[in-house]
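Chain by chain, the residues:
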Amino acid sequence: MKKTYQFRIYPNKKQEAKLNRTLSTCRHLYNDSLAERRRQAELNRIRREFDVFPWGYPKWINKYDQMLDLTATKTSYQKEAFSQVLQDVIKRVERSFKNFFNGFGYPRFQGRERYNSFTYPQKGFELDGKLNLSKIGHVKIILHREIEGKIKTCTIKKDIDQWYVSFSVEIDTPIIPVEIKTETGIDVGLKSLLTMSNGEQIEPPEFLRESQDKLKQEQKRLSRKKLRSQNRNNQRIIVARVHRTIRNQRKDFAHKTSRKLVDTYDHIVFEDLQIKNMVQNHHLAKSISDAGWSQLIGFTKTKAECAGKVVELVNPKYTSQNCSGCGNSVPKDLSVRVHSCPFCGLVLDRDHNAAINILKRSSSTVGTTGILSLPKQPQWRSNEAGSSRPLGGSSSPLLS
Ligand SMILES: [Zn+2]
């Protein structure tokens, strides 16, 4: 099982200069390697379109070619950086193309603001009270919690004026699955609200909302600054800092909430947000991702795995339209906050109804012995067929 630990590090002036230089060297290497791959991709596309191969069958440059090139033609800057760190940059280029072939965006060149990390993939780092980084030095680190397991990789990250290290760790202690006794279905709302199938709700802390208001203010200020002025640059940094605060607060909230959930329940059922995003329109999808639900679900998954518990994702289709009491379809648009069933008379909060439906979709085994093993694919297909949704279904928009 894999786990990530993040700590803040405190480089001195000299070390920070070296870190910055490594980052910049990596970014240049990234952009150069990317340019080479892009050029080649373009060329091959042209060749394919004309269906002639006067230069022979197109050969794709891969990461090994680029790594060999790197070793052969290292610049003086590149010699200052740890060699595996540079090789990792080429792996990143490869990954960005793989992602592209899997349907993500075309790999982009990285500006100074975007390219903010480099990785020691195997060696070159050591924890000995301080963080000993090859070619950088002994950097002060505060280990606020103990690291379990074997550290595999070490990634250094720059966040405006702060530096962080994250270790990816492999833990091979066997995990004993717990007997599933308690379970909950969770509806994640648009208003950063989380509703459980027992009707309980968790709201994000107030300060998160305050930071978001502050962000709006500062962004407004930024838009009023003159283009390419020093003032604008200063304001840009202020905005980035507010972004960081929000990110950290959100992460903290996600950690605490997921901990609470995993401590309380053995089997936790969420909506599959990937399906939800596909079904819903773009505007809604954005607010879902904004609310950081994927992060929360991710954290809950990891924590559950460690504890031998189960997180399941189910298809969110119709979860808010169907009645959790009788299964009939009760179409309603987003503004209707109360579910009121004309068939069985059930009246309850819209999100509460959805949460119960989400739990019902799961492969629940509470009450039976035996350990729940989950299929790789979410089981919603078979569950949906088994639900008592009336034939013909609902023709209303698929808002859930
Ligand atoms: Zn009903």
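Before going into details, it helps to say that this report is about the structure given with it. Per chain, residue numbering runs from 1 following the sequence as it is written. At least 70 in pLDDT is required for a residue's local features to be given in this predicted model, at least 80 for side-chain atom pairs to be given and counted, and no such filter applies to totals for whole chains, interfaces and linings, which use all residues. Computation of side-chain values: all heavy atoms of the structure, hydrogens and water removed.

## Points about the overall build of the chain
Stated precisely, the cut-off is as follows: Numbering of helices and strands starts at the N terminus; helices are DSSP runs of H or I of at least 4 residues and strands are runs of E of at least 2. Summary of the burial criterion: residues with accessible area below 20% of their type's maximum are buried, those above 50% are exposed, and those between are partly exposed, where the area comes from a 1.4 Å probe applied to protein chains only. By definition in these notes, contact holds between two residues if any of their heavy atoms fall within 4.5 Å. Throughout, the Shrake-Rupley method with a 1.4 Å probe supplies accessible areas, and for residues the shown protein chains are the sole cover considered.
Within the chain, the secondary structure is distributed over 11 helices and 14 strands. Put simply, the chain has 400 residues, and 42% of those count as buried. Within the chain, contacts between residues separated by at least 24 positions form 70% of all contacts whose residues are at least 6 apart in sequence. For the chain, the accessible area works out to roughly 22,800 Å², and carbon and sulfur atoms hold 52% of it.

## Side note on the nonpolar core
Here is the rule we go by: To qualify as a nonpolar core, a set must consist of buried Ala, Val, Leu, Ile, Met, Phe, Trp, Tyr and Cys residues joined through side-chain atoms within 4.5 Å.
One finds Tyr-120, Leu-133, Ile-156, Val-165 and Phe-167 to be the most contacted residues of the largest nonpolar core, which totals 37 residues. Broken down by element, this core gets its largest block of residues, seven residues, from helix α1 (residues 13-50). Among residues more than four places away in sequence, those in contact with Phe-167 are Lys-3, Thr-4, Tyr-5, Phe-7, Phe-125, Leu-127, Leu-131, Ile-141, Ile-147, Ile-151, Thr-153 and Cys-154. Counting residues in each nonpolar core, the second largest holds 19 residues, with Leu-261, Phe-270, Phe-299 and Ala-304 among its members.

## Regarding the pairing of strand β5 (residues 137-141)
Stated precisely, the cut-off is as follows: By the convention used here, strands pair only if DSSP detects at least 2 bridges between them.
Sheet analysis places strand β1 (residues 2-10) next to β5, joined by two bridges and oriented antiparallel. Pairing of Tyr-10 across the sheet is with Lys-140, part of β5. Sheet topology places strand β4 (residues 130-133) next to β5; three bridges connect them, and they run antiparallel. Residue pairing across strands places Leu-133 opposite Gly-137, the latter belonging to β5. A loop of three residues connects β4 with β5, the two strands running antiparallel in sequence, and Lys-135 in this loop sits at a positive phi of about 70°.

## Regarding the packing of helix α6 (residues 230-264) against helix α9 (residues 293-306)
Inclusion rule: Comment: axis = line fitted to C-alpha atoms, over the contacting stretch for helices; angle = value between 0 and 180 degrees taken between N-to-C directions. The labels follow the angle: roughly parallel below 35 degrees, roughly antiparallel above 145, roughly perpendicular from 65 to 115, and oblique for the rest. The sense of a crossing depends on the near helix, which, turned anticlockwise from the far helix by less than a right angle, makes the crossing left-handed and, turned clockwise, makes it right-handed. Side-chain classes are defined by residue name, with Ala, Val, Leu, Ile, Met, Phe, Trp, Tyr, Cys and Pro counting as nonpolar, Asp, Glu, Lys and Arg as charged, and the others, Gly among them, as polar.
Remark: α6 packs on α9, axes separated minimally by 9 Å, with the N-to-C direction vectors making an angle of 45°. Judged by the inter-axis angle, α6 sits oblique to α9. The crossing of α6 and α9 is right-handed. Residues Arg-250, Lys-251, Ala-254, His-255, Thr-257, Ser-258, Arg-259, Leu-261 and Val-262 of α6 touch α9, and the partners they reach there are Gln-295, Leu-296, Phe-299, Thr-300, Lys-303 and Ala-304. For the contact of α6 with α9, the residue count by class is six nonpolar, five polar and four charged.

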